[in-house]
Amino acid sequence: MSVWDQVVGQPAAVAELRAAAERGARVRFSDELDDGTSGRGAGMTHSWLFTGPPGSGRSVAARAFAAALECPDQGCGECTACRTVMAGTHADVREIVPEGLSISVKEVRTTIDVAARRPTTARWQIVIVEDADRLTEQASNALLKSVEEPAERTVFLLCCPSEHPDDISVTIRSRCRAVRLRTPAPEAIAAVLVERDGIPEAEATWAASVCGGHIGRARRLARVPEAREERDAVLALPRALRSPADAFAASDAMVGAAEAEAAALAASRDEAEREELATSMGAGGTGKGTAQAQRSARAAEKDLEKKQRSRLTRTKRDALDRALVELAGYYRDVLVRGVGASVTSTHPDRATEIGNAARDNTPESSLRRLEAILACREALAANVKPEIAIDALVTSLRAG
């Protein structure tokens, strides 16, 4: 299976990237030429920006492109280069994946210093930056210097939701070639779930229809009963608004579910990281130098704890944001039903309930509720305490 088969529902982007990979395979480098001329400008773009809504497969497309650049056959999917790039273990492909709330300047500088060197096993040194919208200002400035003047054999692949200045700086955007991805069609998502994941057709079709175009979300809904329960709990909130006690109980349940999900994801990983750190620092050792090693170990433990707390905060915030997106989809359906628009429903399995809500509410009230959900997402992004942000949202939803 070609690496391009993993990029779902993006035929235009895949065609563009395949053509670019073929040009990249023909690039000659200055140190390979007898006359000393440079290979720069021979048809290869060194900085790329992958944009698209959540779930469109930005990082998957970037990783497939990286594999195609390193593969002798431009993405066969079978060679060592393709397998290691897609697995995240290729020696010349580095990924910056934010585990906390942001990407630090230290992390960026460390990666680009290594990426500026000659490749060790392949033609290119490639840096993939997932969620480039999480770059701090200092990190963005550090990355800009390399994007402006990359080493001859270095390629940068940046991924973020959009080209808006809130997501990526104008200066970085202007120096990248844009690859714009779209929301995959439900039919394409369902086909992937059936053919690649072995999910029964009925379950795959349902999950694809309610996932909002997010392939990972569809896979989780189809496979994980808890994910379906969480979705049901979120979509129960509109019905609970009639009673203040029920409404605030539902908001508490949303926050509690996010905390539980974040804690479950963190538990096993955090413990494994602590054990790995203890082993690397020589836990249980004796003899000369032990005291110094223990001091270094304590400092490393503090750094790890800080990283894990940041990651836990981000995981909890992301879980809440997913819940708010589900809720926004509900009121979006109510709004479009209220104005008689013929568009695809976000929650087609709630058609009867949404139809009743559209009759009981005006389009103006639905729009106000959508704006309240957006305000809540912005409050969470600004580090407002989740309990306060969600309670404020429930108050606004009840006011209509």
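Now for a look at the structure at hand. Predicted model, so just to flag it, every value in this text is computed and none were measured.

With that out of the way, let us pick up unusual backbone geometry. A positive phi angle, close to 55°, is found at Gln74, a residue other than glycine. Its location among the elements puts Gln74 in the loop between α2 (58-70) and α3 (80-87). Look at Gln74 and you get partly exposed, because its relative accessible area is 21%. With a phi angle near 70°, Asn383 is a residue other than glycine that sits in the positive phi range. Along the chain, Asn383 falls in the loop between α15 (363-381) and α16 (386-399).

In this section: α3. For α3, the complete set of buried residues consists of Ala81, Cys82, Thr84 and Val85. Along its buried surface, α3 packs onto α2 and β2 (93-96). At the exit of α3 stands Gly88, carrying a positive phi of roughly 80°.

Quick look at the sheet that holds strand β1 (residues 47-51) now. Strand order in the open sheet formed by five strands is β2-β3-β4-β1-β5, with parallel pairing between adjacent strands. Here the strands that pair on one side only, and so sit at the sheet edges, are β2 and β5 (177-180). Within this sheet the neighbouring strands show an average axis-to-axis angle of 20°, counted without direction. Sheet topology note: the β1/strand β4 (residues 154-160) ladder contains five bridges and is parallel. Bridge pairing links Trp48 to Leu157 in β4.

Cut-off values and rules
- Residues numbered from 1 in each chain as written.
- Predicted model: local features only at pLDDT ≥ 70, side-chain atom pairs only at ≥ 80, totals over all residues.
- Heavy atoms only, no water.
- Helix = DSSP H or I, 4+ residues; strand = E, 2+ residues; numbered from the N terminus.
- Buried < 20%, exposed > 50% of the residue type's maximum accessible area, 1.4 Å probe, protein only.
- Contact = heavy atoms within 4.5 Å.
- Pairing = 2+ DSSP bridges.
- Axes fitted to C-alpha atoms, helices over the stretch in contact; angles between N-to-C directions.

Geometric values such as these leave the question of function open.
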